[in-house]
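# Inside the fold
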Amino acid sequence: MADIGDVARRAGVSTATVSRALRGVGRVAESTRARVREAAQELGYSVSPSASRLATGRTGTVAVVVPFVSRWSYGQIIEGAEAVLRMAGLDMLLYNLADAEGRRRMFAGNRLRGRVDAVLVLYLPMTQEEKEALRSLDVPVAVVGALEPEFFGVRIDDVAAARTAVRHLLHLGHRRIGLIGGVGYDQGMPFTSQIDRRTGYLDALREAGVEPDPATEAVADFTVDGGTRAMTRLLSGDGPVPTAVFAHSDEMAYGAMRALRQAGLDVPGDVSVIGFDGHDMSELMGLSTVVQPLCELGAVAGQQLLAALTENADRAPAHRVEPTELVLRGSTGPPPGSDRTPSPARPS
């Protein structure tokens, strides 16, 4: 029975080139790839996944570490990464941290050592010890949603995106603008995106000469129920009700809209609402939102890991910032009593 060495000799290439050509990874000229496939077909050789992994010293698996696997945004990023990695013949091993104990086991027990070729981390604030644990694996690591200089990474500019959303509300004439923000994960560490989106919110208010008021801020889980609870707190406060609300996620914005309607208030006649993410349901809900390219973020991270595995494992980690888009729909308009004409909604 022919082996990989026989194919290499028939095609006039190295065994490593045969492996890359037949698995569809790495930089292999199309003419060489075709020659290798022809030689393999003539000799009746086919790649055994387990044998290929043993021969290359690799597992053919990428770990994906997420704090909350059930969240829609994480699913979109995973979908983008999976499409890229699957085309390269790599499997994904999902680690849902879920809680502090799951997180401790993940990082303290070296559960990934020898089991994966690379690690993809989604929106997870990490301690220095956790970063050291990842570095000790000696495999490529990519982080989505935060800048970690020692690892590959891709993210959006959350500060600029939030600033754009709040500027739109200010342009409509709103001056009392509420913020529905997300709570931190655990260990007192908030998400980078949570910090940056609040920074953008505050920046936009201050540049417009509006003094931020802590009474217009409420935090909750990044869920519909969380948004409902946060909006209910804003409505029950001692001060005037905000005429507009910026939510850290679309799902929180849905919850805010629910609370407003339960209170007999019209959206956007009484209170405008703008979200963040570009959720699949936002068009149906008529929600204005900041759309971030979640699938593209996952795909870019997958490409970064593939490049590190197949081209130059020693190159410096690359970092990319992907653009966002403000999409306007029916949930935003001028404040009550205003004679301003709403800006036309952009196509969604």
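Description of the structure in this document. (Residues numbered from 1 in each chain as written. Predicted model: local features only at pLDDT ≥ 70, side-chain atom pairs only at ≥ 80, totals over all residues. Heavy atoms only, no water.)

## Structural notes on the nonpolar core
Put simply, the rule is: By convention a nonpolar core is built from buried Ala, Val, Leu, Ile, Met, Phe, Trp, Tyr and Cys residues, the set being connected through side-chain atoms within 4.5 Å. Working definition: with a 1.4 Å probe on protein chains only, accessible area under 20% of the residue-type maximum means buried, over 50% means exposed, and in between means partly exposed. By definition, residues are in contact when any of their heavy atoms lie within 4.5 Å.
Membership of the largest hydrophobic core comes to 71 residues, with the highest contact counts inside it found for Leu120, Leu122, Val144, Ile180 and Phe246. Here Ile180 is in contact with Ala218, Gly227, Ala230, Met231, Leu234, Val245, Phe246, Ala247, His248, Met252 and Ala256, once residues within four sequence places are set aside. Among the nonpolar cores identified, the runner-up in size contains 19 residues, and Tyr95, Leu112, Met126 and Val143 belong to it.

## Let's talk about the environment of Val69
Selection rule: The helix and strand labels rest on DSSP assignments: H or I over at least four residues marks a helix, E over at least two residues marks a strand, and numbering proceeds from the N terminus.
Mapped onto the elements of the fold, Val69 is located in the loop between strand E1 (61-66) and helix H5 (72-87). Owing to a relative accessible area of 33%, Val69 belongs among the partly exposed residues under this scheme. Dropping the residues within four chain positions of it, Val69 is found in contact with Leu94 and Asn96.

## Considerations on the sheet that holds strand E7 (residues 217-220)
Stated formally: Pairing between two strands requires that DSSP report at least two bridges joining them. A fitted line through C-alpha atoms represents every axis, and for helices the fit uses only the stretch in contact; the resulting angles, taken between N-to-C directions, go from 0 to 180 degrees.
Sheet architecture is open: 6 strands sit in the order E7-E6-E8-E9-E10-E12, paired in mixed fashion. Each of the sheet's edge strands pairs with one partner strand only, and the pair in question is E7 and strand E12 (325-327). Ignoring strand direction, the axes of neighbouring strands in this sheet form an average angle of 20°. Two strands pair when backbone bridges link them, and strand E6 (residues 177-182) and strand E8 (residues 244-247) are joined in this way by 4 bridges, in the parallel orientation. When the sheet's bridge partners are listed, Leu179 is paired in E8 with Phe246. Lying over the sheet, helix H8 (residues 158-171) contacts E6, E8, strand E9 (272-277), strand E10 (288-291) and E12, oriented at roughly 165° with respect to E9.

## So, the environment of Ala230
Inspection of the secondary structure assignment puts Ala230 in helix H10 (residues 224-235). Taking the C-alpha atoms as reference, Ala230 lies 6.3 Å from Ile180; in sequence the two are 50 residues apart. Discounting residues that sit within four places of it in the chain, Ala230 has contacts with Ile180, Ala218 and Ala220.

## Focus: helix H3 (residues 30-43)
Formally: One less than the residue count of a helix, multiplied by 1.5 Å, gives the span that helix is expected to have. Summarising the geometry, the arc corresponds to the directions from the helix axis toward the C-beta atoms.
Helix length check: H3, at 14 residues, gives a terminal C-alpha distance of 20 Å against a target of 20 Å (1.5 Å per residue), a fit within 8%. Of the residues making up H3, those classed as buried are Thr32, Arg33, Val36, Ala39 and Ala40. All buried residues of H3 lie within an arc of 130° about the axis, which places them on one face of the element. Turned more than 90 degrees off the buried face of H3, the exposed positions are Glu30, Ser31 and Gln41. With its phi angle positive at about 70°, Gly44 sits one or two positions after the end of H3.

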